[in-house]
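Here's the letter readout for the chains.
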Amino acid sequence: MLVLLIIVAITLPLAVYLVQQQQTLQSQAAPATTLAFSPSPTQASAGTPVTIEIRMNTGTNQVTAAELFVTFDPSLFQTSPAPRIEAIAAGALPVVLVAVNVSGGTASITVGANPGTPATGTNVPVARLILTPARNGTATLTLTQQTKIAGITEGSNVLASQPPPGTINIIG
């Protein structure tokens, strides 16, 4: 019995110390997640809907949610059917946490992972933007500074850098 108490007295503090070290390392993980439009650049015809996905590389982060704000020139797109942004049901963040809002030249959505299944990996689908070009031109899609990515054990935005804009070349 004395031997058992000695073993517990030694291993318990060691186990607590190791768990604290692991939590410290995780809480100090750097933002490593990137976003990109896919495909981009792309070509579309006036009057024909085009779908652009927002994809993510999580790096070392375990992503639980994404708050996306996309801007575009509304004069280049039809209002009927209206531009829309949606979660990708088979994607890594299929749950809509904050309702879709499309107004003027801005589309926003907040999506999240199913409980217990954070998103990890490369080229991970997050959301799709569906637009119908109205006329010839070059449309630029931009994820604004309001865009944020949440990760497990992260206290702040894990988006590593501002994503490059996407481009749609619209032909008649």
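A brief look at the structure comes next. (Residues numbered from 1 in each chain as written. Predicted model: local features only at pLDDT ≥ 70, side-chain atom pairs only at ≥ 80, totals over all residues. Heavy atoms only, no water.)

## What about the pattern of salt bridges?
For step 1, the next point in the chain: The final tally for this structure, using the stated rule, is three salt bridges.
For step 2, the next point in the chain: Taking the shortest distance from any N to any O, the salt bridge between Glu 53 and Arg 55 comes out at 2.6 Å. Like Arg 55, Glu 53 is buried.
For step 3, the next point in the chain: Among the salt bridges present, the one from Arg 84 reaches Glu 86, with a minimum N-O distance of 3.4 Å.
For step 4, the next point in the chain: Classification of Arg 84 by relative accessible area gives partly exposed; the value is 41%.
For step 5, the next point in the chain: A relative accessible area of 23% means that Glu 86 is categorised as partly exposed.
For step 6, the next point in the chain: Taken together, the shared-partner salt bridges in this structure form one network comprising Arg 84, Glu 86 and Arg 128. (Salt bridge = Lys/Arg side-chain N within 4 Å of Asp/Glu carboxyl O. Buried < 20%, exposed > 50% of the residue type's maximum accessible area, 1.4 Å probe, protein only.)

## Focus on the sheet that holds strand β1 (residues 34-38)
For step 1, the next point in the chain: Reading across from one edge, β1-β3-β8-β5 is the order of the four strands in this open sheet, with antiparallel pairing throughout. Two strands bound the open sheet, and with one partner strand each, they are β1 and β5 (84-87). Averaged over neighbouring strand pairs, the angle between their axes works out to 25° when direction is ignored.
For step 2, the next point in the chain: Both β5 and strand β8 (residues 124-131) contribute to a ladder of four bridges, which runs antiparallel. Of the residues in β8, the one forming a bridge with Ile 85 is Leu 129. (Pairing = 2+ DSSP bridges. Helix = DSSP H or I, 4+ residues; strand = E, 2+ residues; numbered from the N terminus. Axes fitted to C-alpha atoms, helices over the stretch in contact; angles between N-to-C directions.)

## Quick word on the packing of aromatic side chains
For step 1, the next point in the chain: Applying the stated criterion across every chain, the model contains one aromatic pair.
For step 2, the next point in the chain: An angle of 90° between the planes, with centres 5.7 Å apart, marks the rings of Phe 72 and Phe 77 as edge-to-face.
For step 3, the next point in the chain: Its relative accessible area of 7% is what places Phe 72 among the buried residues. (Phe/Tyr/Trp six-rings, centres within 6.5 Å; stacked < 30°, edge-to-face > 60°.)

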